[in-house]
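# Fold and contact review
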Amino acid sequence: MCADQLIKAQRDQLIAILGRGSVENFESILDHLLAWDLLNWEEYEYVKSPRLLSSSSRNLLDIVACKGTRACELFILVLEDVIHSSLLTNLILGNYKPPEKTDESSASPSLLASQTLQKHRPDVVRKLHGRIAAVLELLHRCGHFSKYECVEIHLPIYTPSQQARKLLDLTKAKGDDTAQVLLDYIDSESGPIKSVLGNVCLKYQEKLSSTLAAQSRFLTNYAGTENMCLEDVYVDCILEISNTTGTNGCLRRLIGLEDIFGPDGILNKDAETVLITGEAGSGKSTSLQQMQQLWAAKQAFQDFTFVFVFSCRRLNFIDKHISLEMLLFEHCCWPDHHQDEVFQYILDHPEEIMFMFDGFDELKFQFTDEERHCSPTKPTIALNLIFNLLQGNLMKNTKKVMTSRPSAVTAILRKYLQKEMTLKGFSPEGIEMFIRKCHSNSSSAERILYFVEANPALHGLCHVPFFCWIVSKCHEQLMQNGSDFTPTMTDVYLLILEHFLLHFTHSSQGMNEVLPSQVGAILHLSKLALDGLTSCCYIFSAVQLQEAEVSEEDISLGFLVHSHSASHASSVVNNRNYEFLHITVQCFFAALYITLDDDVGQSTLYSLFKPRQKKTSSFMMSATCIEGCPFYCHQSPEQHENRSETMLQGAKRSNLQITASFVSGLLSGRHRNLMGKSSLIQKQSKKYKLVKKYLEKSIQKHFLSIPPAVGGEKKSMHALPEFVWWIKCIYEMQDSDLAKQAVSKLEVDHLKLTYCGIGPVECTALAYVLKHLKNPVGLQLDYNSVGDVGIEQLLPCLNVCHSIYLRANNISDQGVSKLVDRALGCCNLQKIALFHNNLTDACIQNFAKLLIHNDNFLALRLGNNHLTGAGAEVLAEGLKQNNSIQYLGLWGNKIGDAGACAIAAALEDNTSMLWLSLVGNDIGSRGARALAAMLKKNTVLEELCLQENSLVDEDMLHFAEGLQNNSSLKVLKLANNKISRKGMEFIATALKHNITIASVCLGGNHVTAEEIQKMTRAERRLTF
Ligand SMILES: Nc1ncnc2c1ncn2[C@@H]1O[C@H](COP(=O)(O)OP(=O)(O)OP(=O)(O)O)[C@@H](O)[C@H]1O
Ligand SMILES: [Mg+2]
């Protein structure tokens, strides 16, 4: 169907889409049509004259339809450009070419100024954003526009784009002299234009900048106990961006904090919110602090005139209705003078504004887009303002950056995200840098580093910045345990506890004495922590502290720190709020309460460990819990137990999981005698048995739910999100019987843990449990953040893996050399996949050794790394001495001709290789000749993939010869090379003498549709 027919057939849908859409979209379509001369000025004025959008849309479609097929094609192109793709999914839209670009610069000598403005209208509208006031002033000063006309255009009821269009329309009416003034102005300003700030705004900018600089100077969580200056300890974390638009599927790339607004990884071009997710303590808040510092110090983000920063934790506390102006001024930074003028500037220049929202997961209520709020002046509840800012209903064209734990990111929220990034904590170099920064004395830094690196489990923990800080803080105690000690998360948190208590009591007691002596304080704090978690409360008022019997002395232990108010205004109110050092510390205390308190019993433990249920929205649940149960009230033990159990259901899932891991650790044999009370030990043993039972049952139930294998296939299990958590709990318990029992009934061939957020810490726990598997499995860990440190943690379970898949896991040569070293002694391991990591030639020697040594090895996939010809030559040496490997994947490297020749030579006499991929490897004629010659001798290879290289017609002559003398190859893939009909005919002729080949794929080469038709008719095995 051609474009005019498509429009005709789908007229109703098109009118519905345009009619229900925004005026902004409709006018933006008109801009393009005017620029392409598809509408003349009369038609434009007719279509845009005020009436219902659906009836304007009808008129527009009528006009376009009358203009013929090409006009309809262009209309469809504009539609796809302007309207959000999700609204067009039910339409059939063809694939058309845009009009050729004749002149890139805005001014063209042969055109009148007004024609030039029209020709570049969409661009000009965009460029005028944020400059309307300046342009109007200029046109008024030169006598082109009256004062009245300026006021009319600048009315705040219009969006910045509408103001720009009104300005252009009036310019057109005034004639070419006016248009020339405007054009000169636009040409004189190149690049994104920021208007010159007036004195009032400049003053506000200075104040905002010094406020943010002061707020972000010290690390938030530890500011109460130690003055750690961000600048002194900040180390870049790994920030990974997913790119689903790439040709290779979902690839991940690392980016710097300063590039988060760049074009990389945009998933939804219509959205304006950039999300940074990361697990607890991965450095999200610190990264935002660093961004604030960079802006305030004028080192980055200078496109933004104003940056407004909000902590979601604190936003929960704004309980009255407020307007956007109040939110910005009273809760961020107050303009000392001319508030109206500053606010007007903000409204007029949305593209110069950045909002930061930290800890979206800490909001009491889940994101919803149900209540639309567009007015910058009308008050509403603060959360509604935030939700509408994120959606772009309010302050459209501003940039928003937000951080959250992954668990709070819902599908509804994702609709409004421009892109999503993940913060993966420190790299191994980052760990080193951080420890050096924290310890100015270089010899003690050296000692800690040596200790951390010698202890893989600890090194794994340090990958999470918060742990790295703890380890670096508590290194002395850790060192006492010797380097073969495997610390758990609970061990490390107990160390903080001990560290703080010893510091507080100034005593030289050991852990055994200091904890019992402070049991009262610990119970007060831990009750506060648990009640806070269950009601999603992370900041505690003086009244709440009093109710929980937390005394001044308890506070001075250092676990509670002053909640630093982000707002100028709230510091006026003299309230002294406190929060835990870090949310994970709150979880740790909650766990202490659960393990130490006599009244916490079976049902609370059960609800802590049970799998996630499909439940009513967690925010509804927490809301009812909060209303139903005052923060503190006196209850009988039974009521108390019921209450804890019910309220646990209101807590954030991720916090509960962290708490449960700590409970497991605290009940473990290692720590059961923490308080030195024999009565407690008995109760704790009972709790320990219960938790053990729940974990064992949960995992086994999960295994039982795995569907049986379908005909002929092997049984495979895709782990539930809870699986990794349960495994971590088992690790915290340090009970190898439990680990053994938990996996004793796992009878699968393949264990899939892709996209499960597995980092080094999780690898330690996985290996601890999986090493007890009875039968070897394929362990699929693609798209996680295992890294070199994680690889080391996985080694203990390598012998129970027949395959290990580690695609896109940020692994480098160092990690691989450890993996392969261990693999040499693992007779079960037959397949390794390392697609899309950071491997170079330096690690290939290891694989060559593996091929020589392991004579049952089957598959090696090293695609999308950085291998060159030199690496391939080393690998070829290994291949020559191996006759078991069946699959070799080197897609997307740069082995070139030299590499291809070496591999080809190694395969001439090979008797096992079935599949070889050298796709996208810069292979030219020399390599092609060698591969073709190999086909003459090789008798086993069934599939050869050579797409995306530089093969030409002459090379096909050699392949033809190879095919004539080969009787094993079934598939030859040659798509996306430089082959024309001549080359393909050589192949077709050779196929007359080859009955084994099932297909030769040739799509994306240099042939016409007609030629394809002819050739496929003559030889059906040529596919395109
Ligand atoms: N980039 C960094 N450089 C130095 N230290 C860091 C960095 N990131 C985090 N830290 C350390 O880790 C601690 C915890 O980090 P942060 O509070 O930023 O984590 P978070 O991801 O916001 O956690 P949560 O999900 O609980 O809010 C910081 O107080 C600091 O000590
Ligand atoms: Mg945070």
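Residues numbered from 1 in each chain as written. Chains lettered and ligands numbered in written order. Predicted model: local features only at pLDDT ≥ 70, side-chain atom pairs only at ≥ 80, totals over all residues. Heavy atoms only, no water.

## Digging into the overall build of the protein chain
Which entries qualify depends on this criterion: We count a stretch as a helix when DSSP gives it H or I for four or more residues in a row; a strand needs E for two or more, and each element gets its number in order from the N terminus. What makes two residues a contact is simply this: any of their non-hydrogen atoms within 4.5 Å. In this description, accessible areas are obtained by the Shrake-Rupley approach with a 1.4 Å probe, and a residue is regarded as covered only by the protein chains that are shown.
Regarding its fold elements, the protein chain presents 48 helices and 22 strands. The long-range fraction of contacts in the protein chain, counting pairs at least 24 apart against all pairs at least 6 apart in sequence, stands at 78%. Element-wise, carbon and sulfur atoms account for 52% of the exposed surface of the protein chain, whose accessible area totals about 43,600 Å².

## Topic: the pattern of salt bridges
Note the following rule: The salt bridge definition used is simple: a Lys or Arg side-chain nitrogen within 4 Å of an Asp or Glu carboxyl oxygen. Each residue is placed in one exposure class: buried if its accessible area under a 1.4 Å probe, protein chains only, is under 20% of its type's maximum, exposed if it is over 50%, and partly exposed if it falls in between.
Applying the stated criterion across every chain yields a total of 36 salt bridges. Its salt-bridge partner being Lys415, residue Asp369 comes within 3.3 Å of it at the nearest N-O pair. Pair noted here: Asp369 is in the loop between strand 5 (353–358) and helix 19 (382–391) and Lys415 is in the loop between helix 20 (411–414) and strand 7 (417–423), with a separation of 46 residues, a long-range link. By relative accessible area, Asp369 is classed as partly exposed at 25%. When salt bridges that share partners are traced, they join Glu27, Asp31, Lys48, Arg121, Arg165 and Asp169 into one network.

## Describing the packing of aromatic side chains
To keep it simple, the criterion reads: Any two of the Phe, Tyr and Trp rings considered here, Trp counted by its six-membered ring, make a pair once their centres fall within 6.5 Å; the pair's planes then place it as stacked at under 30 degrees, edge-to-face at over 60, or tilted in between.
In total, this model carries 35 aromatic pairs according to the counting rule given. For the pair Phe559 and Phe589, a centre-to-centre distance of 4.8 Å together with 65 degrees between the ring planes defines the contact as edge-to-face. Placement of the pair is Phe559 in the loop between helix 30 (552–555) and strand 9 (560–562) and Phe589 in helix 31 (residues 583–596), with a sequence separation of 30 residues. Residue Phe559 shares its accessibility class with Phe589, and that shared class is buried. On the basis of an interplanar angle of 75 degrees and a centroid distance of 6.1 Å, the ring pair of Phe588 and Phe589 is categorised as edge-to-face.

## Structural notes on the site of ligand 1
Threshold: Near, as used in this document, describes a residue that has one of its heavy atoms within 4 Å of the molecule or strand being considered. Two N or O atoms count as a polar contact when they lie within 3.5 Å, although within protein this holds only if one can serve as hydrogen donor and the other as acceptor, and sequence-adjacent residues are included solely when both atoms are side-chain atoms. Under the grouping applied here, Gly and all other residues not named as nonpolar or charged are polar, the nonpolar ones being Ala, Val, Leu, Ile, Met, Phe, Trp, Tyr, Cys and Pro and the charged ones Asp, Glu, Lys and Arg.
Lining the immediate surroundings of ligand 1 are 23 residues, of which Val235, Lys284, Ser285, Thr286 and Arg405 lie closest. For ligand 1, a nitrogen atom lies 2.7 Å from a polar atom in the backbone of Val235. Take Lys284: an N or O atom from its side chain is 2.5 Å from an oxygen atom of ligand 1. Alone, ligand 1 offers 630 Å² of accessible surface; in the complex the protein occludes 98% of this. Going through the elements one at a time, helix 15 (284–296) and helix 24 (465–473) are the ones with two or more residues in the shell around ligand 1. Tallied by class, residues from the shell around ligand 1 come to 12 nonpolar, 7 polar and 4 charged.

## Here's the deal with the packing of helix 39 (residues 760–770) against helix 40 (residues 787–794)
Selection criterion: Here an angle of 0 to 180 degrees is reported between the N-to-C directions of two axes, which are lines fitted to C-alpha atoms, with helices fitted over the stretch in contact. For classification, angles of less than 35 degrees are called roughly parallel, those exceeding 145 degrees roughly antiparallel, those between 65 and 115 degrees roughly perpendicular, and all remaining angles oblique.
Contact geometry of helix 39 with helix 40 gives a least axis separation of 8 Å together with a crossing angle of 10 degrees. Classified by the angle their axes make, helix 39 and helix 40 are roughly parallel. The residues of helix 40 that touch helix 39, namely those facing Pro760, Cys763, Thr764 and Ala767, are Val789, Gly790, Gln793 and Leu794. Partitioned by chemical class, the residues of the contact of helix 39 with helix 40 number 5 nonpolar, 3 polar and no charged.

## With respect to the pairing of strand 4 (residues 306–311)
In plain terms, the rule: Two strands form a pair only when DSSP identifies at least two bridges running between them.
With respect to burial, strand 4 is a largely interior element, 6 of its 6 residues being buried. The pairing of strand 4 with strand 5 spans 6 bridges and is classified as parallel. Within strand 5, the residue paired with Val307 across the bridge is Met354.

## Side note on the nonpolar core
Rules: For our purposes a nonpolar core is just a set of buried Ala, Val, Leu, Ile, Met, Phe, Trp, Tyr and Cys residues, chained together by side-chain atoms within 4.5 Å.
Counting residues in hydrophobic clusters, the biggest one holds 267 residues, and the most contacted among them are Phe308, Phe847 and Phe959. It is helix 31 that contributes the most residues to this core, 11 residues altogether. If sequence neighbours within four positions are ignored, Phe308 has contacts with Tyr204, Leu208, Leu328, Cys332, Ile346, Ile353, Met354, Phe355 and Met356. Judged by nonpolar contacts, the second largest core, of 35 residues, contains Leu14, Leu18, Leu38 and Ile76.

## Here's the deal with the environment of Gly19
Note on placement: Gly19 falls in helix 2 (residues 11–20). Accessibility expressed as a relative area gives 24% for Gly19, which makes it partly exposed. Along the sequence, Gly19 and Leu52 sit 33 residues apart, while their C-alpha atoms lie 7.7 Å from each other. What Gly19 contacts, discounting residues up to four positions off in sequence, is Leu53, Ser54 and Ser57.

## Some thoughts on the environment of Leu819
Along the chain, the position of Leu819 falls in helix 41 (residues 813–823). A sequence separation of 21 residues divides Leu819 from Leu798, and the C-alpha atoms of the two residues are 8.5 Å apart. In this view, Leu819 contacts Ile791, Leu795, Leu798, Leu806 and Ile832; residues no more than four positions away in its chain are not counted.

## Examining the packing of helix 3 (residues 23–35) against helix 8 (residues 121–128)
Running from N to C, helix 3 and helix 8 cross one another at 130 degrees; their axes reach a closest spacing of 8 Å. On the basis of their axis angle, the class for helix 3 and helix 8 is oblique. Side by side, helix 3 and helix 8 meet where Asp31, His32, Leu34 and Ala35 of the first sit next to Arg121, Pro122 and Val125 of the second. Looking at the contact of helix 3 with helix 8 residue by residue, the class counts come to 4 nonpolar, 1 polar and 2 charged.

## What to know about unusual backbone geometry
One non-glycine residue, Phe301, lies in positive phi territory at about 60 degrees. With respect to the element layout, Phe301 can be found in the loop between helix 15 and strand 4.

## Regarding the confidence of the model for the protein chain
For clarity, the threshold we go by: Each residue carries a pLDDT score, the predictor's own confidence in it, on a scale running from 0 to 100.
Summarising the model, the protein chain shows a mean pLDDT of 84, and 87% of its residues fall at 70 or more. Predicted confidence for residues 103–107 stays below pLDDT 50, and this span has 9 contacts to residues more than four positions away or in other chains. Counted against residues more than four places away or in other chains, residues 245–250, with its pLDDT under 50, gives 10 contacts.

## Points about the state of the cysteines
Here is the rule we go by: Whenever a pair of cysteine sulfur atoms sits within 2.5 Å, that pair is classed as a disulfide.
A complete count under the given rule lists 0 disulfides for this structure. For the unlinked cysteine Cys827, the closest cysteine sulfur is that of Cys826, found at 7.4 Å.

## Some points on the sheet that holds strand 11 (residues 716–718)
As a general point, the strands of a sheet are linked pairwise by backbone hydrogen bonds and lie either parallel or antiparallel. Strand order in the open sheet formed by 12 strands is 11-12-13-14-15-16-17-18-19-20-21-22, with parallel pairing between adjacent strands. In this open sheet, the two strands that pair with only one neighbour each are strand 11 and strand 22 (1022–1023). In this sheet, strand 21 (residues 999–1001) lies alongside strand 20 (residues 971–973) in parallel orientation, the contact comprising 3 bridges. Bridge pairing links Lys973 to Cys1001 in strand 21.

## Quick word on the side chain of Asp358
Going by this rule: Note on charges: Lys and Arg go in the positive column, Asp and Glu in the negative column, and His and the chain ends are not counted at all.
Among the secondary structure elements, Asp358 is positioned in strand 5. Salt bridges are absent for the buried Asp358, whose nearest opposite-charge side chain, Lys284, sits at 6.9 Å. Of the polar contacts made by the side chain of Asp358, one reaches the side chain of Thr403; its length is 2.5 Å. Contacts of Asp358, omitting those with residues within four sequence positions, involve Lys284, Ser285, Leu288, Phe310, Ser311, Cys312, Arg313 and Thr403.

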